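One-letter residues, chain by chain:
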Amino acid sequence: MKTIGLSDTGLKRKRNEDAFLIRNVENIFVVCDGMGGHKGGNIASNMAIQTIEKELEDGHHVSVEFLNRAIEKANLKIWQGGHDNLDWHEMGTTITIAKIDNMRLDICHVGDSRLYLIRKDEITQITKDHTLAEEMAKSGMIKSKQKSFNHVLTRALGISKDIEIDNITMDLYKDDTILLCTDGLSDMLSDQELLTIITKNDETKITGQNLIQAALTKGGYDNITLILVQINGR
């Protein structure tokens, strides 16, 4: 596999509240997008990453159940931190984790950061956004996702003591590409624009840089974070 992780503050924000983690030993990839509070977004996303990393360093067998428990621990820490510190009140974060083992992809997902699969010149959003817009569109209350509801999260770490986690498992194939990203990228670029940039160049680092630059060119209204994983197996 070839991997790259990049993060940019963007053109409008003063602080980067995104965070990411790449663990090549276990083939674990994580993106988080923090939110809320005077300083809380940055704290929440980094707290989630640090909790996941500490759990991985303890040397346990890394299964989906293990990752779910790690997310639950992170959720409790963020929730407690938000209650103990007024500056961090109502802080939270999204989290999307990809684990790759023997050409199998396991995903743990909360929030509206995304995981895309690029295969044979097609791009597919694998994760579902946990937003009010998604819920309203699904229930038929609105015909399409309205921007005014796009960033009202229905799930995030730190909002309550309990957390519901989406788990997805799928097979991978040679030449597949996985993109994990925060909404600072997916809001700026359409699926077709993402696909065009990703399939234009075989060099992972250049592709990642081109994605960041494209989002900045479109306005860069939010922090932009991505992890690209190119599969060279099977």
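Notes on the structure in this doc start here.

Rules of the game
Counting starts from 1 at the beginning of each chain's written sequence and moves along it residue by residue. For a predicted model such as this one, the threshold for reporting local features is a pLDDT of at least 70, and the threshold for listing and counting side-chain atom pairs is 80 or more; totals across whole chains, interfaces and linings nevertheless cover every residue. Excluded from the side-chain calculations are hydrogens and water; all other atoms, namely the structure's heavy atoms, are used. The helix count covers DSSP runs of H or I at least four residues long, the strand count covers runs of E at least two residues long, and both are numbered beginning at the N terminus. Polar contact is defined as a pair of N or O atoms within 3.5 Å, subject to the rule that within protein one atom must be able to donate a hydrogen and the other to accept it, and that residues adjacent in sequence are counted only when both atoms are side-chain atoms. Only heavy atoms matter for contacts: two residues are in contact if any of them lie within 4.5 Å across the pair. The axes used here are C-alpha line fits, helices contributing only the stretch in contact, and every angle between their N-to-C directions lies in the interval 0 to 180 degrees. Any angle between 65 and 115 degrees counts as roughly perpendicular, while under 35 counts as roughly parallel, over 145 as roughly antiparallel, and the rest as oblique. The hand of a helix crossing depends on one turn: near helix anticlockwise from the far one by less than a right angle means left-handed, and clockwise means right-handed. Charged residues are taken to be Asp, Glu, Lys and Arg, nonpolar residues to be Ala, Val, Leu, Ile, Met, Phe, Trp, Tyr, Cys and Pro, and polar residues to be all remaining types, Gly included. Pairing between strands is defined by DSSP: at least two bridges between the two strands are required.

1. Considerations on the side chain of Asp 18
Mapped onto the elements, Asp 18 comes out in strand E2 (residues 18-23). Separated by 2.9 Å, the side chains of Asp 18 and Thr 182 make a polar contact. Once residues within four sequence positions are removed from consideration, Asp 18 is found in contact with Ser 7, Cys 32, Asp 33, Gly 34, Ser 45, Thr 182, Asn 223, Ile 224 and Thr 225.

2. A closer look at the packing of helix H6 (residues 191-200) against helix H7 (residues 204-217)
Here H6 crosses H7 at 150 degrees, and the two axes come no closer than 9 Å. Regarding the angle of H6 to H7, the classification is roughly antiparallel. Relative to H7, the crossing made by H6 is right-handed. Listed contacts from H7 to Leu 194, Ile 197 and Ile 198 of H6 are Thr 207, Asn 210, Leu 211 and Ala 214. By residue class, the composition of the contact of H6 with H7 is 5 nonpolar, 2 polar and no charged.

3. A few points about the sheet that holds strand E10 (residues 177-181)
Overall, antiparallel pairing links the 5 strands, which are arranged E1-E11-E10-E7-E8 in an open sheet. Edge strands, defined here as strands with exactly one partner in the open sheet, are strand E1 (2-8) and strand E8 (122-125). Averaged over neighbouring strand pairs, the angle between their axes works out to 15 degrees when direction is ignored. Pairing geometry for strand E7 (residues 114-119) and E8, over 4 bridges, is antiparallel. In the sheet register, Leu 117 faces E8, and the bridge partner there is Thr 124. H6 contacts E7, E8, E10 and strand E11 (224-230) of the sheet and is inclined by roughly 55 degrees relative to E7. The strands that H7 touches are E1, E10 and E11; relative to E11, the one it contacts most, it runs at about 150 degrees.

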